[in-house]
Each structure stands twice: as C-alpha cells, then as structure tokens.
Amino acid sequence: MQCQSTAAPVDLRPTLAAKGAPLPVVRQFAAAQRFFEHGCDFLYSAEALRHHPRNEHVPEIVVLGASNVGKSSFLNALVGREGRAKVGQRPGKTKLMNAFGVGPRLILVDTPGYGYRSQAAWGAEILKYLEMRQRLRGAVVLLSLIKRQPSPEDLWVLRALAELNTRTLVVVTKADRQRPAEWPLVCSRMADAVLHEMDSLDETVCGYRWRAAVAGAESDVYVTAAGMDVDGKLGNGAGMGGVRAAILQMAGFDVRAEVTKTADNVVYAGPTVSFDDIQWG
Ligand SMILES: Nc1nc2c(ncn2[C@@H]2O[C@H](COP(=O)(O)OP(=O)(O)OP(=O)(O)O)[C@@H](O)[C@H]2O)c(=O)[nH]1
Ligand SMILES: [Mg+2]
C-alpha cells in the first residue's frame, strides 16, 4: 500500500489532559460542541471515489466501522441532531458514502459498514478514498462494546489506516448496552487488543506513530454511548465531549475556549467560502 506524505501525528495531550485542569477542558468541550452544533447539512452521496466532488480547502473526517456498529448514530450524536444521517436497526442501512458539512468548516463522511451484509465493492471504494482523498484529515473507527473485542476486520482497517498514515481515533460505542460495572474491564481489553495490533506495525513504516496519536487521553480508547440521549438531548451521551474535541484537533483545529484554525489548516489563503457557495458536483 502506498504511503501518503507524512503529516505529523496529532497530539491530543494539550486538549485532553483533563487531570488537574478541569475548567479549561470543560471550556474546550463546550467550544467543540458549539462548533458541531453550528449546523449540519447533507452535502452529497458518493458511490465511488470519482463521485466525490473536488475539495481543496475543507478538512474531511471519515467515520468507519462494521455494519450496524452505530456510525450514522454517532454522526447524529456529534452534531446533536437525530435523523440527520439515516439510522437502521438492521446492518447495511448506509449504502453510500454520505458527506455532511458541519459547523463552519468541516466535512464528516458517513460510510457503509464492513462485515455482515456489506459489499466487497464498498470496501474497495472506501480504501481508494482513504488513499487518494487530498483533504482527508483523519478517520474515526467505531468499535462496539457489545462485541467485547475488535473483529479481524476492525484490526485490518486499523492497520490499513496506519499504513496509509491516516490519523485515527478509536471510539468504542454502545457503552450503554453493558452494565456500567463492566465498562472499564471490557474497554481496557479492547484497548489492549487494538494497541497490541498497532504495536506490531513497524513504527518506521510511513513514519506512523500510533501511540502519539492516542496518548494523553485518560484512556487510550474513547468510550461513548452515542445513541443515548441525556436530558432529552442527543449528543450529550457519555464521552461525546472529548470525542468532539479530539475530532476537531485531528481535523487541524485548535480547540480552546474557541475553535480556531491551526497552521496545518491554514494552507488556503484565499477568501473564506461558506458551504453554500461551494459547487458540489
Ligand atoms: N444502545 C445503543 N444503541 C445504539 C447506539 N448507537 C447506535 N445504536 C443502534 O444501533 C443500530 C445501528 O445504528 P446505525 O447508526 O444505523 O449503525 P451504522 O453503523 O450506521 O449501520 P450501517 O449503516 O448499517 O453500517 C440502531 O438501531 C441504533 O439505534 C448506542 O450508543 N447505544
Ligand atoms: Mg449507517
């Protein structure tokens, strides 16, 4: 697999070093939430890489995971809007890559799941997208806490992302389906399995540094219950605040009391273009 140019791995430490500094972290989470709740518009669906419109300016984050793991629900929880991405009880609901314009300047791409009731053609196209998409800034890989361990397909995807030098955030979801007393043990087993797999990669391949990408968070893997609403509001579910901040940082934003662009994201010096002004295919 071809290596992409080596973007420095994201360092989550400044954002997520929660210990001893609770107030700034709360402010960061609030700022991240404001960013995501600024708006979320469906932009386009794509069956293949060639169907994605050109995007030279807006950072993209792709959501990956097994079919039915909760990718579309996770996207809805991120933006705090039920039904923005279509959710299904049966695996295989999402059949195309669906792009959403989020907040002022971010594209989230929901994808068809892999594994049960998936199609080989989807995998090939998603892989092509991961390899070639110029503005892709990172991937979120969802694992289900119900499964208790990553599947061989999950591990394959994590390895592929590492080999492509794509920044990756692992999010364990459906935490509400386990008894809370079991969360820590099940999660730490999952995190261990993921980290063990990534450790086995040659760290010099593509300059990828998995540990740097996940270190600094209180746990190595984020745990959420994206589908759960708290106080009647979707997206308030446990863990979503930290995930929002981590996604923004992965996308090249600086998350403090406000969300601003970092140098990584300021390659474009032209005028700011709103989503409404972009021609989508
Ligand atoms: N209990 C619980 N259920 C969830 C959670 N997230 C998603 N679900 C449920 O899981 C099922 C699948 O959710 P989707 O969001 O459609 O999953 P998906 O990964 O997009 O599925 P495909 O598009 O088919 O690949 C739905 O019934 C959701 O309500 C969660 O955090 N907790
Ligand atoms: Mg879906």
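These numbers come from a predicted model, not from an experiment.

## A short note on the side chain of Asn-55
- As for its position among the elements, Asn-55 is in the loop between β1 (40–46) and β2 (60–65).
- A polar contact is formed between the side chain of Asn-55 and the backbone nitrogen of His-57, at a distance of 3.1 Å.
- Side-chain polar atoms of Asn-55 contact the backbone oxygen of Val-58, separated by 2.7 Å.
- Among all residues touching Asn-55, those that are not within four sequence positions of it are Glu-60, Ile-107, Arg-133, Gln-134 and Arg-135.

## Some remarks on the confidence of the model for the chain
- For the chain, the mean per-residue pLDDT works out to 75, and 70% of the residues sit at or above 70.
- Below pLDDT 50 for its whole length, residues 1–21 participates in 56 contacts with residues either more than four positions away or in separate chains.
- For residues 265–273, every residue scores under 50 in pLDDT, and the model assigns this stretch 13 contacts once sequence neighbours within four places are set aside.
- As scored by the predictor, the complex reaches a pTM of 0.81 and an ipTM of 0.99.

## What about the nonpolar core?
- Core analysis: the largest hydrophobic core is formed by 34 residues, its most contacted members being Val-62, Leu-64, Tyr-129, Leu-130 and Val-141.
- Residues in contact with Leu-64, not counting those within four places in the same chain, are Lys-71, Thr-111, Ile-126, Leu-130, Ala-139, Val-140, Val-141, Leu-142, Val-157 and Leu-161.

## Description of the coordination of the magnesium ion (ligand 2)
- All of the protein donors around the magnesium ion (ligand 2) are Ser-72 (OG) and Thr-94 (OG1); their distances to the metal are 2.0 to 2.2 Å. One end of the pair, Ser-72, is in helix α3 (residues 71–79); the other, Thr-94, is in the loop between α3 and β3 (97–102), and 22 residues separate them in sequence. An identical accessibility class is assigned to Ser-72 and Thr-94; each is buried.

The rules behind each value
Residues numbered from 1 in each chain as written. Chains lettered and ligands numbered in written order. Predicted model: local features only at pLDDT ≥ 70, side-chain atom pairs only at ≥ 80, totals over all residues. Heavy atoms only, no water. Helix = DSSP H or I, 4+ residues; strand = E, 2+ residues; numbered from the N terminus. Polar contact = N/O pair within 3.5 Å; in protein donor to acceptor, adjacent residues only side chain to side chain. Contact = heavy atoms within 4.5 Å. pLDDT = per-residue confidence, 0-100. Core = buried A, V, L, I, M, F, W, Y, C linked by side-chain atoms within 4.5 Å. Buried < 20%, exposed > 50% of the residue type's maximum accessible area, 1.4 Å probe, protein only. Donors = N, O, S within 2.8 Å, 3.2 Å for Na, K, Ca; no water.

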